[in-house]
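Structural overview for review
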Amino acid sequence: MSTHPAVVTASVRGALQVIKVPTVAPCTGEVLVRVEWTASTPLDLHQNDGGLLVQHPQVLGGDIAGTVVEVGLGVERLEVGDKVFGFTWREQKEKAHQTLATVPEYLLGIIPPHIPMRAAATLPDNFVTVFHALTTDLHLPLPWPRPATAPKHANSPILLWGGASSVGQYALQILAYYGYRHLLTTASPRHHELLRSLGANAVFDYRAPDVVARILDAAAAGDGGGDGGGGGGEAGVRMPGEGSTVAVLLPVIVRDATEGQAPEYSMDAGGAVAWKAGVEVRGVRTHFYLDNEFFKQKLQSEIMPTLLGQGIVKPNRFRVVEGSTLRERAQGAMDRLRRREASGERFVWRVSE
Ligand SMILES: NC(=O)c1ccc[n+]([C@@H]2O[C@H](COP(=O)([O-])OP(=O)(O)OC[C@H]3O[C@@H](n4cnc5c(N)ncnc54)[C@H](OP(=O)(O)O)[C@@H]3O)[C@@H](O)[C@H]2O)c1
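Keep in mind the model is a prediction, meaning the values are calculated, not measured. (Residues numbered from 1 in each chain as written. Predicted model: local features only at pLDDT ≥ 70, side-chain atom pairs only at ≥ 80, totals over all residues. Heavy atoms only, no water.)

**Considerations on the site of the ligand**
Just so we agree on the cut-off: Only heavy atoms are used to decide nearness, and a residue is near a molecule or strand if one of them lies within 4 Å of it. In the analysis that follows, any N or O atom pair within 3.5 Å is treated as a polar contact, provided that within protein one partner can donate a hydrogen and the other can accept it, and provided that, for residues neighboring in sequence, both atoms belong to side chains. Secondary structure is summarised from DSSP: a helix means a run of H or I of at least four residues, a strand means a run of E of at least two, and numbering begins at the N terminus for each. When residues are grouped by polarity, Ala, Val, Leu, Ile, Met, Phe, Trp, Tyr, Cys and Pro land in nonpolar, Asp, Glu, Lys and Arg in charged, and all others, Gly among them, in polar. Where a domain begins and ends is set by an automatic assignment or by a domain database.
Near the ligand, the surroundings consist of 26 residues, among which Ser188, Tyr206, Val284, Thr286 and Ser343 are the closest. Between the ligand and the protein, one listed contact pairs an oxygen atom with a backbone N or O atom of Ser166 at 2.8 Å. When residues of the shell around the ligand are traced back to their parent elements, those giving at least two are α1 (42-50), α3 (124-137) and α4 (166-177). Considering only residue class, the shell around the ligand consists of 11 nonpolar, 11 polar and 4 charged. Mapping the shell around the ligand onto the domain boundaries places at least three of its residues in each of domain 1 (3-123 + 315-350) and domain 2 (126-287).

In structure tokens, the structure reads:
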């Protein structure tokens, strides 16, 4: 049996390890990918430091960018040598933080030729998260191909709390592309210009003491405003009024992981805070996006590469985490996430040499 190296979380809050895992030959409809680049995401930290949805030792990673090296029977779209990217998360053989991954064809798109592989690695999990959350949880249809007419809620205020996050940046770009024009978001001031360029109508500093009042004013006025300074981060909870729908990206982080402290999470978006009466609260779980048969077939294989290739969606800014070994690079990215160094950028790193 052939094997290859994989990065695993071996214990809660322990150091990452590299172990040998079996290389699984592709079955019908699957391809074998040499994983060249990946990104470390908050879920990797939640899994390593919080043990969230983990059975040790567990291979980490959900963002693959690499090259197809073998195809199984019945594979119709992909060929050996194709440069591909995809969100892959369900079982060991398809996880991203290993040098070879066995993945069904429908989870992969071809990377547009002008996009560097490391930049493509910033997309998949959160590109998929945005389509899933907007359609399933916020009930905003995103038909494909995009219709020529404006959507029903084109002028309704939509607030994205945390616009500089990877999810936030992709959400702004995708909503703007679909014709949603009243996009309000929050971020540290250094990201405001970027977020306006991605489609935000107004940007607010989430630490500002008057952030709630300013956002409510802008939402009511139907125009921009934005920018401010100060402190106070849980303000977003006080804002949605009766009739609003809120999609919370699970897990709710009750307490962040730090170097000296274990994190605390909740999977109960509705109960984690005191929402106002009449607010519909949904906990987003992108891991169920394949329940939508159309998205299963089209989202990663066609929609994601098309929007990236046409420049409608730009990759996140990223920082390459260097290291002389696979373990060093993976650990370096994990440590940066724990220190909360991610601000408007993704940590990407090389997997296979
Ligand atoms: N359930 C799901 O299906 C699902 C899917 C994907 C992601 N998620 C979750 O969604 C969250 C975001 O993921 P991501 O990959 O987009 O994260 P990310 O890119 O690492 O987010 C980093 C950004 O978060 C912003 N931020 C931190 N605290 C904030 C606060 N109190 N208010 C507003 N912004 C704040 C920072 O903004 P500034 O730089 O402007 O300060 C920073 O740029 C994570 O918790 C992740 O686990 C869930």
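Following the structure, the description resumes.
**Section: the domain arrangement of the chain**
Note the threshold: What counts as buried area is the accessible surface, traced by a 1.4 Å probe, that two parts surrender upon association, with contributions from both included. In what follows, salt bridge is the name for a side-chain nitrogen of Lys or Arg lying within 4 Å of a carboxyl oxygen of Asp or Glu.
Entries for the chain in the domain assignment read domain 1 (3-123 + 315-350) and domain 2 (126-287). Computed from C-alpha coordinates alone, the two centres of domain 1 and domain 2 are separated by 27 Å. Counting each side, the surface lost to burial between domain 1 and domain 2 is near 2000 Å², with a carbon and sulfur contribution of 54%. Linking domain 1 with domain 2 are 2 salt bridges, by the criterion used here. Between the two partners, domain 1 and domain 2, sit 13 residue pairs in polar contact (both at pLDDT 80 or more). Secondary structure elements with two or more residues in the side of domain 1 that touches domain 2: α1 and α8 (326-338).

**Re the sheet that holds strand β9 (residues 158-160)**
How we decide: A pair of strands is treated as paired once DSSP finds two or more bridges between them. The angle between two axes is taken between their N-to-C directions and runs from 0 to 180 degrees, where each axis is a line fitted to C-alpha atoms and a helix contributes only its stretch in contact.
Across the sheet, which stays open at both edges, the 3 strands sit in the order β9-β10-β11 with parallel pairing between neighbours. Looking along the sheet, the strands with just one partner apiece sit at the ends: β9 and β11 (202-204). Looking at each pair of strands side by side, their axes are set apart by 20 degrees on average, direction ignored.

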